[in-house]
Amino acid sequence: MKQMVVTLRKESSDFCEAFSAACSCLLELSSMPKYNTDSCEELLDGGSVEQLPDWLLGLLICCVLPPSTSSTTPTTVQLAAVSTLVELSSMLNSVTAARSKSRRTGGPESVLVTMEPLLTADQLDVVTSQTGSVQKIAETLWTSLGIAPPSFHLRCVTLLHRLLSLAPNPRQVESVVASSLAMSTSSSSVSVYQRFAQLWHLSRDLPGTRQTLDLCLLKMVAGLRADKGAVRAHSMRWVEQCLARGDTGRLLEPLLLALLDPASARVSVLHASIRQSQPTPLPTPGNSPRMPKIFAISSTDNNVIFHMSNTDCDPSRLSPRRKVQILSNYKGSLSTLPPSVTVEQPTTHTRFPYADLSMWINPFALVSSESEFNHDPSSTPEPPQDSPVSSTTPSSTPSSTPSLASTPRNARKSAPPHTSHCIVSSLLSDIISQAVDTSCFMLDLEQLTFPSLASTLGDEDRVESSTTSIMVHPLHSHLLLYCRPVDSRAVLHTLQALQDILNVHPRMAVSSLATTSLSSPSLPRSPQLVQLLARHRQSVFGKGFSSVLPKDSTSSYRSSMLLEVMVSICLYYIRSYYPSLPGLTQEEVLGNREIQLAGVTTLTKVLSELVIIVKENGKAFSLYILDLLTRCKLQKVVLHSLLSGVHSRANTTTGESGFTEELLKFNDTEGDGVQDISANTEAFQVELLKLVLNLVMLEEVISMKKYEEGGRPKVALTHSTLMKYQAELPFCSQPMFLAAVLAALRQPHMKDLHQHWTGLVVTCLPFLGPALTQVVTAVASQVWTSLEQLPAGTEQESVPSDYVLTQLECLGQLLSFCLLDPVQSGVSNSPIPCFPSSPSHSQPSVMANLLHVFGGPTSVHKQSVTAEQLATARRSLLSTCPRLLVSLATLWSSLASSTPSWLVGSSKAVKSTILELLSPLATVHSSHFLAAVAVAWAEVGPEESSQATLVELVSSIKMFPTSTIIATLRQVVKSPPPVSGLTKGQSLDVSALQFFSSYLSSSQVGQLAESWASLRDLLRDCCSLSPPSTFLALSILHQFVMRGATSQLEKKEIKELQEMATKLVETIAGIAGSRLEAGTWLRGSRSVKTESADSCEATDTADVGTAAAHATAALTVLGSLLATLLDIIYQSEEKDKVLPLLTTVMYNLVPYLRTHTTSNLPLLRAGSGLLASLSEYQFTRRAWKKEGMELLLDPSFFMLDHETLKSWRTTTDNLMTHDNTTFKELLTRIASLGQSNISIFSSKELEQEQRALLLKRLAWVIFCSDIDQYQRQMPDITDRLSECLRTVPVSPSVQAAVFLCFRVILLRMSAVHVTFLWPLIITEMVIVFSSMEHELNMETPEFSAHVARLSQLDSSWVAATAAGPGLGLQNTTNSPTWLGLYLGVCKLLDQAAALPAELLPQFQMYRWAFVREGEVQVTADNNNQAGSGPVQQDFVPHVARISKLMESRLGRVVPPRPIVAGEPLLTMRNISSLGDLAPWFSTLSLALTRQQTRSMPSVGGINQRSPVATIERIIELDFLEEVTG
């Protein structure tokens, strides 16, 4: 169709007034009244129109005149024409309306007075429907708005709006403006946006109702994201003008209407229940017992009913995505559902045990109704999370109708009253009995176990019941279910538009939202909004979206502000999830996750601005916002969303799940269908945490405003484990909040999110208030526990170093906030404490809000966290510091290698952060820190690696040098700070001193010398402490001296050091002497306290053992430290000064060494060690020589254990070696025995005993010496031995002692030095062996004579019976001294036979006399005896003869013992009869001795043990005597 352009003549301007007058005439003619009757109605209708009149055609032509930039005439004419046409159309419409009303209400005689417009209805219909005049007029007006002078703009806007109202299809007019806005490619696009902004603003004050240009408005909002910066700037300016001029309602109305679209109707999971219309048949193998086929869904009387068929379906054909029920809530209607769609009811659903009754209580309504999450203020408490019936309980108010449901009408029967009463009573009693709240200081997450979802069904056949209720986890009571798929793209676009508007000027936008009511004139479609809100709420309650609304359902919304509407809509979308609806696609499910994310983001933006707005406004506004949050149940929804998200992640690996668990899994699968947590949930949780932070800040500013006149009331924080929202508590004080934080931090697979959770806690620190102690203690404990478990729990996967650093920085911020004052911390510039080197993890906007809102830390501390609460948190954290140190030490030790296997990244950075964390703690709270180190030291126990790690960790803290440690340790010792973790029996000062003693070994010598003054004070304090602290003090002093610190001390300091050592040693010596009786005047002899004396003095028997243990420990400490300590701190010329101190030590030591009893053995052992260590140094000799010699000659000297004997071996060697005269004194004592005619002994027996005693000491002294040490004294030694053997009669004890000397001499002297001793040895051996042989050969008649002869030697055993057991030998063989003698000579021969020939060359010449060299020729002997004449027999050695005699006496053959080359056979210390020696005689009588000794390689051969070491140990044990008492 050809376009025609109409132009005006040049002189047309002269006719403008005339045209206007003509237009006025048209209107005047049309306004003339006329009396209408029924007869003339046909005339008024105008009849059919074939052609428009000329005046109308002319008018239409003038209406579409194109505007001119050079002249205003076309615009003037056009606007006059359009105005006339609009007025005529308006008149016609009013006349038509009046006429139709008259027809309905008027009588037959009525006369209607109307105007008769020149324009008829048919003509108007032709103009609007059959021509494009309306669209052309709109284009002309739109163009004129941009070209015409400003004076014409208001008329253009007015006419455009009137044209919109008169057009049969307003889209015709709106599309004109919208299409021009869409052309953003042209250069004039900016002017188009300007033109619409002008249209918008000019239409604000137009009288009457205005039509809204929704499409154009959305395009303007979309301009906020335009590519051109100029377009974005104009769009932003337009939005700002809208917000500033009260157009917020008009601006947001289309967006809110779109978000409240009926298609997005939802039903609460609390108000959904499943009904099976017919019983399900018994399960068959391979089929699930709960997989009926649903053929219809309906919703009546607050119940969603599923109609299911009896036919079974194959479970293998069901998609895994179809395991969640389909829901609908359209009241009275049936959803169209193809019969082929099947839905499986999850087999994990729990039967409600009372469902078979005619009346049942909805067990899933944890609140009185969905109103807990909406605007209804009525509410009832939630049940405890561990209540029975799968933790789902009825409402505590049975009168609440939403909580009651009935079975279908055809099955409704009257129940007995007592039955219903019993059910309700029993359920309520269950609630009360389970609602006992346990209180504890630290929240233990184990107590917050979520309700079990195990089925209560007992048998499979019970599945036949016709009623099955879905199971809702208590944490999931906030969930809403969509009834049909939602256009997620449209919703997302609308939410994004909302966010764009908020971002233009957030403060002004949120302020406008909070002050614009739904009844505001700026919302032309307010009733529609109110209706939609009411219907959505009705739908949530399960009453159907399209059902009739109650009369008062909309009253509560009319006074609501747009802010409340927006918050409610966002919460709706956040809570909404998809069940397995028919035709639902994966994209729609994922789109819903994006919607939830956008909803949380929008809410976060709103709340973040509300924080500032509330701060800047008065108390009334803050109370309004508080009331708004309460009505919307924002805190409760957020808490449930937060905890349920963590709970679902925690239960991903467990098998138990219910309907809501299945629902969440269904909504959380990725495109591949893997049933694992998705990135969408992680993103949702991160955004939710941001929302939580802003919510906490908003609560805080509201509280500040609310109580700005007076102090805020103290909130009684209950340490509840009940997972229930408590409206009277702030968000951070809710048990659910702390439970969510701990549950998230406890899950290793959520490592990626831990940073966000800890960042939230750190940022919320200034606002925690009464919950500060509990939250900080619990979170810090969980963080350091997780860090401690990192190296052990990461065999399969490695941990990024950034994660470790983030957690450490969080820990540092928690500690810094609670433990450091703002001045001390160095990080007080913001309420969010962090180390200077550690960047904060909070968002910049959050930081800006915090700084702006709270004005620095001073006001924060004054308002939210009081000094008392901070002090409580500080005490709590300081008391748990030992666990922190143990955890960090474990982490530190795992970083020992440069590249630990479990860590990805730099271990150096982690170590540096650990030190940064501990440095402020060690600097500000040094006493608590060192006490914590001490407790940690005790906790890790004697494990050297763990304790070494603690030392290394503390040593690495540069801000905690040795001098500071010593000063702090002194404070800890004098007044121990309160710490937890010490077990019973452990002492803080002991552990601290143990740690410090170990710490000194790694500290630098220079630091030690500089800190002597403080160390001296510490040691002085330790002198007054009880053991073992005093012992540790001496150990510390010893460590100080051994590190060489004395070399850098001045003379005065060295003197102080000597005095301190003296004081400590005297103190410890006094402790060592605590088991001694008090000495008499002038230090008389002291004795060890007996147990009876101890029990009289001590009130508790445990004290006796403690005193003995302390005395033993004191002697042990002195033995290990004293000698070296004194040797170093006293110079050569000062050694004499030591004597008084050593005298004191010996005064407390010698009595223990004189007491050889079983009870005194530990003290004897420790004291012997002390004396041995002292004897190593020559300068101590004067203090102990005399007592040492006396103790050596004590008759009970050898009554001790082997370990003590080893100590005395050292002492004896030093006693004899350091002075040449001592050994000679011993020999002189032996020689002096018996030489005087006037014997000092009362009898020969005592003289012989003294001789034997001295000989045994002589043997011991030689045994303790080195090889050939006493070679020069060998002649004297030989003379003494000979003299002892020449005494008549010879005592067997003396002979035994001589043989012991022989054995020792053969071991300690070279062969060349014992040559002249061999004749004496052989002679004595032959005598004793001959005596043995003679006694074995003794016949009965000579026995009495033999007894008479022996009675002259020893009368003590003569009275025994004539025959002893066993061999039936004479009684000499049963004497212990004789048996000892026989054993001694046999051991001497055994030793000589075992030693290699090169060590005993002389013995080889005498060997034949004792040991047989060849086999006995039995056959030859028999032949010789058979022949004539005497036969010369070979010499039979003593051993062989004695062995044969023993066998004849025993009456049996004694088998030989196995021989190990080079090892002696006799190892026993004593024998009870000669029969004990029979196996040895039998072994040596065989021809094995040559193989035993001569074939053995020389000493030190490969893989051969030296016989010398074995023999030496045997001899050493032979010295021991049995301890008595």
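Residues numbered from 1 in each chain as written. Predicted model: local features only at pLDDT ≥ 70, side-chain atom pairs only at ≥ 80, totals over all residues. Heavy atoms only, no water.

### Some remarks on the overall build of the protein chain
Item 1. Regarding its fold elements, the protein chain presents 61 helices and 13 strands.
Item 2. With 1525 residues in all, the protein chain has 54% of them scored as buried.
Item 3. In the protein chain, of all internal contacts separated by at least 6 residues, the share reaching a separation of at least 24 is 79%.
Item 4. Accessible surface computed for the protein chain: about 65200 Å², of which carbon and sulfur atoms make up 55%. (Helix = DSSP H or I, 4+ residues; strand = E, 2+ residues; numbered from the N terminus. Buried < 20%, exposed > 50% of the residue type's maximum accessible area, 1.4 Å probe, protein only. Contact = heavy atoms within 4.5 Å. Areas by Shrake-Rupley, 256 points an atom, 1.4 Å probe, with all protein chains shown as cover.)

### What to know about the packing of helix α33 (residues 881-894) against helix α35 (residues 926-940)
Item 1. Two numbers describe how α33 lies on α35: the axes approach to 8 Å, and their chain directions differ by 65°. Between α33 and α35 the crossing geometry is right-handed. Each of Cys 881, Pro 882, Arg 883, Leu 885 and Val 886 in α33 lies in contact with α35, whose residues at this interface are Phe 929, Ala 932, Val 933, Val 935, Ala 936, Glu 939 and Val 940.
Item 2. Here the contact of α33 with α35 is composed, by residue class, of 10 nonpolar, no polar and two charged. (Axes fitted to C-alpha atoms, helices over the stretch in contact; angles between N-to-C directions. Left-handed = near helix turned anticlockwise from the far one by under 90°. Nonpolar A, V, L, I, M, F, W, Y, C, P; charged D, E, K, R; others polar.)

### Thoughts on the confidence of the model for the protein chain
Item 1. When pLDDT is averaged along the protein chain, the result is 76; 72% of the residues meet or exceed 70.
Item 2. Taken together, the stretch residues 1339-1344 has pLDDT below 50 and engages in three contacts with residues farther than four places along the chain or on a different chain.
Item 3. The low-confidence segment residues 1356-1370, where pLDDT is below 50, has 30 contacts with residues more than four positions distant or belonging to other chains. (pLDDT = per-residue confidence, 0-100.)

### Topic: the nonpolar core
Item 1. Judged by nonpolar contacts, the single largest core of 398 residues is most densely connected at Phe 196, Trp 238, Trp 757, Val 804 and Leu 918.
Item 2. In terms of residue count, helix α24 (residues 679-706) provides more of this core than any other element does, 13 residues in total.
Item 3. Residues within four places of Val 804 in sequence aside, it is in contact with Leu 787, Leu 790, Val 799, Leu 891, Trp 902, Leu 903 and Val 910.
Item 4. One finds Val 267, Val 269, Leu 479 and Tyr 577 within the second-largest nonpolar core, a separate group that totals 11 residues. (Core = buried A, V, L, I, M, F, W, Y, C linked by side-chain atoms within 4.5 Å.)

### So, the side chain of Gln 947
Item 1. Looking at where Gln 947 falls in the secondary structure, it is placed in helix α36 (residues 944-955).
Item 2. Among residues more than four places away in sequence, those in contact with Gln 947 are Trp 937, Val 940, Gly 941 and Pro 942.

### What about unusual backbone geometry?
Trans peptide bonds make up most of the peptide bonds, and negative phi angles are found at most residues other than glycine.
Item 1. For the peptide bond that leads from Pro 1027 to Pro 1028, omega is 5°, which places it in the cis range.
Item 2. For Pro 1028, the location among the structural elements is in the loop between α40 (1012-1023) and α41 (1029-1042).
Item 3. A positive phi is found at Lys 633, a non-glycine position, where the angle reads about 55°.
Item 4. Within the secondary structure, Lys 633 sits in the loop between α21 (619-632) and α22 (634-650).
Item 5. You will see that Asp 1268, though not glycine, has its phi angle at about 60°, which is positive.
Item 6. Asp 1268 sits in the buried class, given a relative accessible area of 17%.

### Considering the environment of Ala 1259
Item 1. Within the secondary structure, Ala 1259 is located in helix α50 (residues 1244-1263).
Item 2. It is 9.5 Å that separates the C-alpha atoms of Ala 1259 and Phe 1299, two residues lying 40 residues apart in sequence.
Item 3. Not counting the four nearest positions on each side in its chain, Ala 1259 is found in contact with Leu 1300, Cys 1301, Val 1304 and Phe 1519.

### Describing the pattern of salt bridges
Item 1. One pass over the structure, following the stated rule, counts 36 salt bridges.
Item 2. Put simply, Arg 970, Arg 1016, Asp 1017, Arg 1020, Asp 1021 and Glu 1056 are held in one network by salt bridges that share partners. (Salt bridge = Lys/Arg side-chain N within 4 Å of Asp/Glu carboxyl O.)

### Observations regarding the packing of aromatic side chains
Item 1. According to the stated counting rule, one finds 27 aromatic pairs in the structure shown.
Item 2. A ring pair is formed by Phe 1299 and Phe 1302, whose centres lie 5.9 Å apart and whose planes are at 80°; its orientation type is edge-to-face. Of this pair, Phe 1299 and Phe 1302 both sit in helix α52 (residues 1292-1308), three residues apart, which is roughly one turn of that helix.
Item 3. Since its relative accessible area comes to 1%, Phe 1299 is described here as buried.
Item 4. Judged by relative accessible area, which is 0%, Phe 1302 ranks as buried.
Item 5. Feature note: the residues Phe 1197, Phe 1198, Trp 1208, Trp 1260, Phe 1263 and Phe 1519 constitute an aromatic cluster, connected by ring pairs.
Item 6. Positioned above the aromatic ring of Trp 200 is the side chain of Arg 250, whose terminal nitrogen or guanidinium carbon lies 3.7 Å from the ring centre. (Phe/Tyr/Trp six-rings, centres within 6.5 Å; stacked < 30°, edge-to-face > 60°. Lys NZ or Arg CZ within 6 Å of the ring centre and 35° of its normal.)

### Observations concerning helix α26 (residues 751-764)
Item 1. Taking 1.5 Å per residue, 14 residues should reach 20 Å; α26 reaches 20 Å between its end C-alpha atoms and fits that length.
Item 2. In terms of burial, α26 is largely enclosed, as 11 of its 14 residues are buried.
Item 3. Along α26, the residues that are buried comprise Lys 751, Leu 753, His 754, Trp 757, Thr 758, Gly 759, Leu 760, Val 761, Val 762, Thr 763 and Cys 764. (Expected span 1.5 Å × (residues − 1).)

### Considering a nonpolar patch on the surface
Item 1. The grouping of Leu 29, Met 32 and Leu 118 at the surface amounts to a nonpolar patch, some 270 Å² of accessible area in total.
Item 2. Summarising the element assignment, Met 32 is placed in the loop between α1 (16-30) and β1 (33-36). (Patch = residues over 30% accessible without salt bridge, like charges linked within 9 Å, V, L, I, M, F, W, Y side chains within 5 Å.)

### A look at the packing of helix α19 (residues 562-575) against helix α20 (residues 586-616)
Item 1. Where α19 contacts α20, the two axes come as close as 8 Å, and the packing angle between them is 145°. The two elements α19 and α20 meet at a crossing, and its hand is left-handed. From α19, Leu 563, Met 566, Val 567, Cys 570, Leu 571, Tyr 573 and Ile 574 reach across to α20, where they touch Ile 595, Gln 596, Gly 599, Val 600, Thr 602, Leu 603, Val 606 and Leu 610.

### Overview of the environment of Leu 8
Item 1. Along the chain, Leu 8 falls in the segment before α1.
Item 2. For the pair formed by Leu 8 and Cys 62, sequence separation is 54 residues and the distance between their alpha carbons is 9.5 Å.
Item 3. Excluding anything up to four places from it in sequence, Leu 8 contacts Leu 65, Thr 73, Pro 74 and Val 77.

### Comments concerning α35
Item 1. Taking 1.5 Å per residue as the helical rise, α35 with its 15 residues ought to reach 21 Å, and the 21 Å between its terminal C-alpha atoms agrees with that figure.
Item 2. Of all 15 residues that make up α35, 14 are buried, and the element is covered over most of its length.
Item 3. Gly 941 sits one or two residues past α35 and shows a positive phi near 75°.

### Quick notes on the sheet that holds strand β10 (residues 480-482)
Item 1. In spatial order, the strands read β3-β10-β11; together these three strands make up an open sheet with mixed pairing. Here the strands that pair on one side only, and so sit at the sheet edges, are β3 (266-268) and β11 (576-577).
Item 2. Direction of pairing for β10 relative to β11: parallel, over a ladder of two bridges. By the bridge assignment for β11, Leu 480 is matched with Ser 576. (Pairing = 2+ DSSP bridges.)

### Topic: the side chain of Ser 1482
Item 1. One can find Ser 1482 in helix α59 (residues 1478-1485).
Item 2. When its relative accessible area of 4% is taken as the criterion, Ser 1482 is described as buried.
Item 3. There is a polar contact of 2.6 Å between the side chain of Ser 1482 and the backbone oxygen of Val 1454.
Item 4. Those residues in contact with Ser 1482 that lie beyond four places of it in its chain are Ser 1443, Glu 1447, Val 1454, Pro 1455 and Pro 1456. (Polar contact = N/O pair within 3.5 Å; in protein donor to acceptor, adjacent residues only side chain to side chain.)

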